[in-house]
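These are the residues of each chain, in order.
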Amino acid sequence: MVLFCSPFIVGVVLFLGYPVGAALYYSLTDYQAGSLLTPKFVGFANYVQALVHADDFWVGVRNTLWMVLIMVPLRTVWAIFVAWAINRVKRGARAYRTIMYLPSMVPVVGVALSFIVVLNPAGPLNTVLSWVGVRGPSWLGDPAWTKPSLVLMALWVAGDVIVIVGAAMLDVPADLYEAAELDGAGGWRRFWHVTLPGISPVIYFSLITGMIYTFQYFTEAFVVSGATSNGGTSSNQVLGYPHQSLLFYSTEIYQQGFSYFKTGYASALAWMLFAVILVVTAVFIRVSRRWVSYGGGGR
């Protein structure tokens, strides 16, 4: 048995256990990748530097929290609305469901590059807005609109959540709707008291996975800021363009580790992110027991 499991065990040790342990060790040193000097143990100095002395750290924290608190719930609400609308269609529901799912199959880099074109100040979206007398913003060139632009991107690729939520809605027992209707409940009350509790496990899944993903938000911001910055005087200006509005926590880790080669400091940032995700996930799981209903109405 051990022999059959050995490839998995070796893989976990080499590609998960060792990197995690090494990152923890490096976070307590002043190690710099590529340096021939022996790493010097500095204790929690890297953590203190991040929390007390690093302004970019808190910029990344604020931007990341904005995305977690705005994008994750909005993406889930959008998925619920679209799934509900598709399920009400009498004909062509499968086709509409497929159309909404297709964008989620596009690679993230491709999606980001596509939206750079769509959200260009002279691009298709602003052109359509001008037809109705609305002057579109600069979108990815305006710090006030960069994160809302990323939210639009996330809504466009929410097809995976839409499909899961739609399937959960179809799985809600019809007799519950009939009982609610006999009790005089209207459409909104049936949706609020029957549909939402019936799909609460899927809503919980969408929120918790979206939260974990968004805390590590990187690729979209990296591609967008790099492609729209037209170069910069520093790596910080490129990654956070414009005006650090796209400098997220994970891009700060990348910048410290791979632009400045401060491996010890970047490792400390990574471990702090891991701790935050672990705590928030544990709290979320604890709170979910109050509102997530599983099969048969059980908790």
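Relevant structure appears above.
About the cut-offs
Residues numbered from 1 in each chain as written. Predicted model: local features only at pLDDT ≥ 70, side-chain atom pairs only at ≥ 80, totals over all residues. Heavy atoms only, no water. Helix = DSSP H or I, 4+ residues; strand = E, 2+ residues; numbered from the N terminus. Buried < 20%, exposed > 50% of the residue type's maximum accessible area, 1.4 Å probe, protein only. Contact = heavy atoms within 4.5 Å. Areas by Shrake-Rupley, 256 points an atom, 1.4 Å probe, with all protein chains shown as cover. Lys, Arg positive; Asp, Glu negative; His and termini not counted. Charge placed at Lys NZ, Arg CZ, Asp CG, Glu CD. Patch = residues over 30% accessible without salt bridge, like charges linked within 9 Å, V, L, I, M, F, W, Y side chains within 5 Å. Salt bridge = Lys/Arg side-chain N within 4 Å of Asp/Glu carboxyl O. Axes fitted to C-alpha atoms, helices over the stretch in contact; angles between N-to-C directions. Parallel < 35°, antiparallel > 145°, perpendicular 65-115°, else oblique. Left-handed = near helix turned anticlockwise from the far one by under 90°. Phe/Tyr/Trp six-rings, centres within 6.5 Å; stacked < 30°, edge-to-face > 60°. Core = buried A, V, L, I, M, F, W, Y, C linked by side-chain atoms within 4.5 Å.

K.L.:
Where do I start with the overall build of the protein chain in this structure?
P.N.:
Broken down by element type, the protein chain carries 15 helices and zero strands. Overall size of the protein chain, expressed as C-alpha extent along the three principal axes, is 75 × 65 × 40 Å. The buried share among the 299 residues of the protein chain stands at 37%. For the protein chain, the proportion of contacts with a sequence separation of at least 24, taken over those separated by at least 6, is 66%. With the model as given, the accessible surface of the protein chain reaches about 17500 Å², and the carbon-plus-sulfur share is 69%. The protein chain carries 17 positive and 12 negative side-chain charges, and their two centres are separated by 4 Å.

K.L.:
Help me understand a nonpolar patch on the surface in this model?
P.N.:
Residues Val2, Phe8, Ile9, Val10, Val12, Val13, Leu14, Phe15, Leu16 and Val20 make up a contiguous nonpolar surface patch of about 980 Å² in total accessible area. Among the structural elements, valine 12 can be located in helix 1 (residues 2–26).

K.L.:
Looking at this structure, how should I read the environment of alanine 174?
P.N.:
Within the secondary structure layout, alanine 174 lies in helix 9 (residues 174–182). Taking the C-alpha atoms as reference points, alanine 174 and valine 194, 20 residues apart in sequence, are found 9.8 Å from one another.

K.L.:
Looking at this structure, I do not really get the environment of leucine 129. What am I missing?
P.N.:
For leucine 129, the location among the structural elements is in helix 6 (residues 124–131). Taking C-alpha positions, leucine 129 is 44 Å from leucine 176, a pair spaced 47 residues apart along the chain. Filtering out sequence-adjacent residues up to four positions away, leucine 129 remains in contact with Val134, Gly136 and Trp139.

K.L.:
Looking at this structure, I do not really get the packing of helix 11 (residues 200–215) against helix 15 (residues 263–288). What am I missing?
P.N.:
Two quantities define a packed helix pair, namely the angle between the helix axes and the distance between the axes. Taken N-terminus to C-terminus, the directions of helix 11 and helix 15 make an angle of 170 degrees; their axes are 10 Å apart at the nearest point. If you check the angle between helix 11 and helix 15, you find them roughly antiparallel. Like other packed secondary-structure pairs, helix 11 and helix 15 cross with a definite hand, here right-handed. Every residue of helix 15 that contacts helix 11 at Tyr204, Leu207, Ile208, Met211, Ile212 and Phe215 is listed here: Leu273, Val276, Ile277, Val280, Thr281, Phe284, Ile285 and Ser288.

K.L.:
Please explain the packing of aromatic side chains as it appears in this structure.
P.N.:
For any pair of aromatic rings, the description consists of the separation of the ring centres together with the inter-plane angle of the planes. Scanning all chains against the criterion turns up 20 aromatic pairs. Taken together, a centroid distance of 5.2 Å and an interplanar angle of 25 degrees make the contact between phenylalanine 218 and phenylalanine 222 stacked. With relative accessibility at 23%, the residue phenylalanine 218 sits in the partly exposed group. Phenylalanine 222 sits in the partly exposed class, given a relative accessible area of 30%. Pairwise contacts between aromatic rings join Phe218, Phe222, Tyr254 and Phe258 into one cluster.

K.L.:
Before we go on, may I ask you to explain the side chain of threonine 214 in this structure?
P.N.:
Within the element layout of this structure, threonine 214 appears in helix 11. Classification of threonine 214 by relative accessible area gives buried; the value is 1%. Every residue in contact with threonine 214, bar those within four places of it in the chain, is listed here: Thr64, Met67, Val68, Met71 and Val72.

K.L.:
Explain the nonpolar core to me, please; I cannot follow it from the model alone.
P.N.:
Nonpolar side chains tend to gather and get buried jointly when the protein is soluble and globular. Membership of the largest hydrophobic core comes to 22 residues, with the highest contact counts inside it found for Ile80, Ile162, Val165, Met169, Leu196, Ile199 and Ile203. Those elements that provide at least two residues to this core are helix 3 (55–87), helix 8 (159–170), helix 10 (187–198) and helix 11. It is helix 3 that provides the largest number of residues to this core, a total of six residues. In contact with isoleucine 80, other than residues within four places in its own chain, are Val165, Met169, Phe191, Leu196 and Ile203. Counting 21 residues, the second largest nonpolar core, distinct from the first, contains Met67, Ala112, Phe115 and Phe248.

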